[in-house]
Amino acid sequence: MFFLLGGNEKKARKAEKQAQMPAAESRVRDVFLAGRFPVVTTHQVEGRRIAKVLGLVCCRGFDSEEAFFGMAGRAMNKGAQAIVGYSENVAFHPDGSKYFSCYGTAVMFEYDPADPDALPLMLQNRFKLQEQQPNSDMI
């Protein structure tokens, strides 16, 4: 009966996926752990006003970190600065494995000129690249 549920194949796929962790997921992990991308269960982030709701983001996987950072990565790809209303579910399969689902609402904050981290991460990176490259337009 065990072979019908595919338990060994799932574990092999999981190990293969972890070995091929892309640089983008590693970047998402670093940004979150540095405290620059808040993920909260409430519908607002204290001290920040939400300017735009970008929509629902979700990710599923056999590992909780894979699901969580996958969700955060999808939000960052949309240009989000945070996730509000975060929730997660765990489904237990008969073969003993767990399946995690993480979801929340990707949002952007109002611009605050006093806060250098107020711009979305994509724009921050673009401005850093422009500062590093010499301006070829000027004579």
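Look up: the structure comes first, before these words.
Described below are features of the structure shown in this document. (Residues numbered from 1 in each chain as written. Predicted model: local features only at pLDDT ≥ 70, side-chain atom pairs only at ≥ 80, totals over all residues. Heavy atoms only, no water.)

1. Let's talk about the overall build of the protein
Across its full length, the protein carries 5 helices and 3 strands. Ordered by position from the N terminus, the helices and strands of the protein form the series α-α-α-β-α-β-β-α. Looking at the protein as a whole, 31% of its 139 residues are labelled buried. Across the protein, the fraction of contacts at a sequence separation of at least 24, relative to all contacts at a separation of at least 6, is 69%. Accessible area of the protein: about 9,600 Å², with a carbon and sulfur share of 55%. (Helix = DSSP H or I, 4+ residues; strand = E, 2+ residues; numbered from the N terminus. Buried < 20%, exposed > 50% of the residue type's maximum accessible area, 1.4 Å probe, protein only. Contact = heavy atoms within 4.5 Å. Areas by Shrake-Rupley, 256 points an atom, 1.4 Å probe, with all protein chains shown as cover.)

2. Some points on the sheet that holds strand β1 (residues 50-61)
Spatially, β1-β3-β2 is the arrangement adopted by the 3 strands of the open sheet, whose pairing is antiparallel. Of all strands in the sheet, those with a lone pairing partner are β1 and β2 (82-92), marking the two edges. Going across the sheet, the axis of each strand differs from the next one's by a mean of 10°, ignoring polarity. Note that β1 and strand β3 (residues 98-109) share 10 bridges and pair antiparallel. Within β3, the residue paired with Gly61 across the bridge is Phe100. Together, β1, β2 and β3 form the strand contacts of helix α4 (residues 64-77), whose direction differs from that of β1 by roughly 150°. (Pairing = 2+ DSSP bridges. Axes fitted to C-alpha atoms, helices over the stretch in contact; angles between N-to-C directions.)

3. Details of the packing of aromatic side chains
The full count for this structure, using the stated rule, is 5 aromatic pairs. Ring centres of Phe32 and Phe68 lie 5.0 Å apart, and the angle between their planes is 70°; on these two criteria the pair is classed as edge-to-face. Taken together, the residues span a long stretch of sequence, with Phe32 in helix α3 (residues 23-33) and Phe68 in helix α4 at a distance of 36 residues. Relative accessible area serves as the criterion here: at 13%, Phe68 is assigned to the buried category. The structure contains a cluster of three or more aromatic residues connected by ring pairs, namely Phe32, Phe68, Phe69 and Tyr86. (Phe/Tyr/Trp six-rings, centres within 6.5 Å; stacked < 30°, edge-to-face > 60°.)

4. Section: the side chain of Asp95
Here Asp95 lies in the loop between β2 and β3. Given the relative accessible area of 15%, Asp95 is considered buried. Of the polar contacts made by the side chain of Asp95, one reaches the side chain of Ser97; its length is 2.8 Å. (Polar contact = N/O pair within 3.5 Å; in protein donor to acceptor, adjacent residues only side chain to side chain.)

5. Some remarks on α3
Regarding α3, the residues found buried are Val28, Arg29 and Val31. Projected down its long axis, α3 shows its buried positions confined to an angular sector of 165°, all on one face. Structural note: α3 exposes Ala23 and Leu33 on the side pointing more than 90 degrees away from its buried face. At the exit of α3 stands Gly35, carrying a positive phi of roughly 85°. (Arc of directions from axis to C-beta.)

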